Amino acid sequence: MKKNCCHNKLFFLFIFLAGSYFGAAQIDTLFIDQHFTSRNLKPFSEINKNHNGKGFDSRNYFYFSFENEYNTIDFTVKNKLAESKNLIIELTNALIKEVTFYKNENRHLTQLFVTGIEHPISSKAIEHRHFCFPIKLNAHETATYKIKLKKESGKPLVTSASIKTERHFIKQGFIQQFVIGSYYGISLLSVIFSLSVYYFIRKATYIIYAGYVVFLGLFISSYIGVFSQIFLNEGSILNKYTHYALFSEISMLLFVVFSQKILEAKTFMPKLKRLMDALLISVVSIRLLIHFVLTNLFENYVAVFMKIWYVLFLIILSVITAEIVIYFRRKNTHTSFFAMAYVFMIIGTLATILYHSYGLVNTLFYGLPIIFYSSYLEILFLTFTVVFMVKDIYDERNILSKKIVIQEKKNLNAFIKGEDQERKRIGKELHDNIGSQLSYLKRFVSDKFKDQNVNETIDAICHDVRNLSHEISPSNLKIVGFELAVKELAETLSNQTTLNIDFYSHHFPENIEDDISTQLYRVVQEALNNIIKHADAHQIEIQLLGHDNLISITIEDDGKGFNLQEDATGLGLKNMHSRIQQIGGNFSLDSQKNKGTAILITLNT
């Protein structure tokens with residue numbers, strides 16, 4: 001019996017010593033010396049001192065669960081210096097309902113400041129995105145302070161609290177403002193880029209992305225306390241639902257819609273798309289109802305509604321993950337960037353949920369929450385996604401344009417080939433059939449009527465038919481060669497028109513393949529016909545030159561010329577260009593208004 005009693009005493013002594021140790025750890029005085037810059041207040045604070053607090057808490061931040069509406073933080077600071085010291089107390093949660101700051105003087109609380117999102121912006125002790133309070137410690141002064149926090153009924157409250165020198169506070173604030181500014185700079189560039197892409201491509205996806213970046217930026221700005229600084233005046237009161245929850249809902253809605261566009265869910269995953277639509281409607285409806293219609297019901301059953309929302313949110317994340325995996329097999333480049341952005345979004349969102357709802361992880365890094373950094377990276381990778389989407393679109397358009405050009409060339413080549421075959425057929429028909437019948441008619445008329453005028457008329461018709469036959473299908477190319485055929489053509493046109501045509505040839509090869517000589521002749525013929533019809537020229541110069549392994553043909557006129565950018569799209573020019581391309585040559589054209597036209601054809605032999 002005595003032994004058990006002894007054991008009980010030892011046990012209670014151990015409990016007392018442990019409690020004393022941990023209790024002492026919580027209420028140690030924070031000393032300010034010449035080396036002091038910044039410290040976390042949590043190890044030096046007593047939580048809910050007069051409200052039966054739950055004892056030791058190993059977190060390095062303050063977590064107040066669902067129960068109490070009011071919570072208090074008490075701490076003592078001693079200035080060890082022989083001079084006064086100005087310090088700043090900073091709370092990192094920018095959405096606290098009400099914060100009251102007291103100084104405990106001889107067990108009497110003196111209210112110094114009262115602020116929070118229920119109070120006007122001007123109620124802040126220091127103009128800052130967080131709730132900050134200045135304190136001044138005289139030389140060797142010891143002071144005790146109390147912070148009273150009012151949170152939303154039925155919801156947890158999480159915040160870090162630190163005490164800093166003014167210099168450190170200003171320095172850290174400057175760095176944070178720079179990082180925040182770069183975030184909004186990247187966001188603005190992403191919005192401008194997306195709107196520019198929409199202007200040229202006219203696809204709703206890019207408008208949705210621009211809207212998502214805007215509302216995500218507004219949500220982040222509300223979350224970190226920047227929104228009230230930029231968009232609200234000093235007399236305004238931040239509305240957590242319209243200035244925070246609404247931005248959150250709209251940004252989530254736009255992200256899901258954007259993801260369905262990016263992943264082409266409607267085309268490749270119609271069942272998942274329908275499931276996603278149903279989930280999205282459910283989530284948005286529930287959130288809007290509890291925030292704007294069923295507010296009282298929500299406050300009474302916060303934990304239940306939060307669990308329902310978290311389950312639906314996790315299902316949405318799972319569906320999008322499945323869509324990414326499926327779509328990755330089709331277009332892995334921009335899907336990879338989207339997947340990275342999606343991973344950062346999940347990390348930031350889940351960490352924030354674990355921090356605010358359950359106090360399991362500390363999401364603050366250098367005064368900014370992890371969701372800020374994750375959304376920063378998310379926007380970067382989503383913008384890369386959009387860039388690669390645009391690249392894919394332009395690549396597809398370029399491929400299509402090349403296919404169209406190739407098809408046009410094929411069609412033009414087929415047209416030219418068909419034209420040549422038809423010329424040969426008509427030329428042969430004129431020469432062999434109609435020419436023969438005209439010869440027979442001449443003999444018949446000559447034998448029967450003996451009329452000289454009729455004979456001369458028939459001779460003229462036969463001559464014209466023969467010339468037309470040769471013009472349509474120059475069979476004499478094989479006999480006299482390309483050079484003489486062009487010379488004859490120039491002489492014929494010079495005799496039949498008022499044009500003065502100069503022909504010059506130097507070392508031009510005699511033996512040219514039939515197909516090449518035919519195509520070259522057609523081009524020369526087409527060029528001369530164009531000059532006769534359109535140039536209003538008086539002088540034409542044709543030069544045939546032969547070099548070591550190269551031949552060149554130039555045709556110049558002194559006509560009225562034309563504007564190459566406006567008038568160089570005719571079928572005749574395309575025909576000539578295509579014929580030269582068919583035989584592996586180069587065709588170039590130079591023309592200016594009132595300064596004539598020059599054509600240069602070069603071909604390796």
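The notes below deal with the structure included here. (Residues numbered from 1 in each chain as written. Predicted model: local features only at pLDDT ≥ 70, side-chain atom pairs only at ≥ 80, totals over all residues. Heavy atoms only, no water.)

## Quick notes on the packing of aromatic side chains
Working step 1: For the coordinates displayed, the defined rule picks out 31 aromatic pairs.
Working step 2: Taking 6.1 Å as the distance between ring centres and 10 degrees as the angle between the ring planes, the aromatic pair formed by phenylalanine 255 and phenylalanine 338 counts as stacked. Of this pair, phenylalanine 255 sits in helix α5 (residues 240-262) while phenylalanine 338 sits in helix α10 (residues 332-358), and the two are 83 residues apart along the sequence. Accessibility assignment for this pair places phenylalanine 255 and phenylalanine 338 in one class, buried.
Working step 3: With a centroid separation of 5.4 Å and 80 degrees between ring planes, the pair formed by phenylalanine 372 and tyrosine 373 is classed as edge-to-face.
Working step 4: Assessed through its relative accessible area of 24%, tyrosine 373 is described here as partly exposed.
Working step 5: Members of the aromatic cluster, joined through ring pairs, are Tyr183, Tyr184, Phe365, Phe372, Tyr373 and Tyr376.
Working step 6: The positively charged end of lysine 42 is found above the aromatic ring belonging to phenylalanine 62, 5.6 Å away from the centroid.
Working step 7: It is lysine 148 that lies over the ring of tyrosine 70; its NZ or CZ is 4.6 Å from the centre. (Phe/Tyr/Trp six-rings, centres within 6.5 Å; stacked < 30°, edge-to-face > 60°. Helix = DSSP H or I, 4+ residues; strand = E, 2+ residues; numbered from the N terminus. Buried < 20%, exposed > 50% of the residue type's maximum accessible area, 1.4 Å probe, protein only. Lys NZ or Arg CZ within 6 Å of the ring centre and 35° of its normal.)

## Quick word on the pattern of salt bridges
Working step 1: Scanning all chains against the criterion turns up 9 salt bridges.
Working step 2: Here lysine 150 makes a salt bridge to glutamate 118, at a shortest N to O gap of 3.6 Å. Placement of the pair is lysine 150 in strand β10 (residues 142-150) and glutamate 118 in the loop between β8 (108-115) and β9 (131-137), with a sequence separation of 32 residues.
Working step 3: By relative accessible area, lysine 150 is classed as buried at 15%.
Working step 4: Overall, the relative accessible area of 35% leaves glutamate 118 in the partly exposed class. (Salt bridge = Lys/Arg side-chain N within 4 Å of Asp/Glu carboxyl O.)

## A short note on the sheet that holds strand β2 (residues 38-40)
Working step 1: In spatial order, the strands read β2-β12-β6-β9; together these 4 strands make up an open sheet with antiparallel pairing. Strand pairing shows two members of the sheet lacking a second neighbour, β2 and β9, which therefore form its edges. Taking the axes of each pair of neighbouring strands and ignoring which way they run, one obtains an average angle of 20 degrees across the sheet.
Working step 2: Of the strand pairs in this sheet, strand β6 (residues 85-91) and β9 are connected by 7 bridges, and their pairing is antiparallel. Paired with asparagine 86 across the bridge in β9 is lysine 136.
Working step 3: Contacts from helix α2 (residues 166-201) reach β2, β6, β9 and β12 (161-165), with the element oriented near 110 degrees to β12. (Pairing = 2+ DSSP bridges. Axes fitted to C-alpha atoms, helices over the stretch in contact; angles between N-to-C directions. Contact = heavy atoms within 4.5 Å.)

## A closer look at the packing of helix α14 (residues 482-496) against helix α15 (residues 514-535)
Working step 1: At their nearest, the axes of α14 and α15 sit 10 Å apart, and the two run at 15 degrees to each other. The angle between the axes of α14 and α15 places the two elements in the roughly parallel class. You can see that α14 and α15 cross each other, and the crossing is right-handed. Residue-level contacts link Phe482, Ala485, Val486, Leu489 and Leu493 of α14 to Ser517, Leu520, Tyr521, Val524, Gln525, Leu528 and Ile532 of α15. (Parallel < 35°, antiparallel > 145°, perpendicular 65-115°, else oblique. Left-handed = near helix turned anticlockwise from the far one by under 90°.)

## Overview of the side chain of threonine 205
Working step 1: Mapped onto the elements, threonine 205 comes out in helix α3 (residues 204-224).
Working step 2: Those residues in contact with threonine 205 that sit more than four places away from it in its chain are Phe258, Lys261 and Met389.

## Quick word on the sheet that holds strand β19 (residues 597-604)
Working step 1: Strands sit in the order β15-β16-β17-β19-β18 across an open sheet of 5 strands; the sheet is mixed. The two strands at the open ends of the sheet, each matched to only one other strand, are β15 (500-506) and β18 (586-591). Mean inter-strand twist for the sheet, computed between neighbouring axes without regard to direction, equals 10 degrees.
Working step 2: Here 6 bridges tie β18 to β19, and the two strands are oriented antiparallel to one another. Within β19, the residue paired with leucine 589 across the bridge is isoleucine 599.
Working step 3: Packed onto the sheet, α15 meets β16 (539-546), β17 (550-557), β18 and β19 and runs at close to 10 degrees relative to β17.

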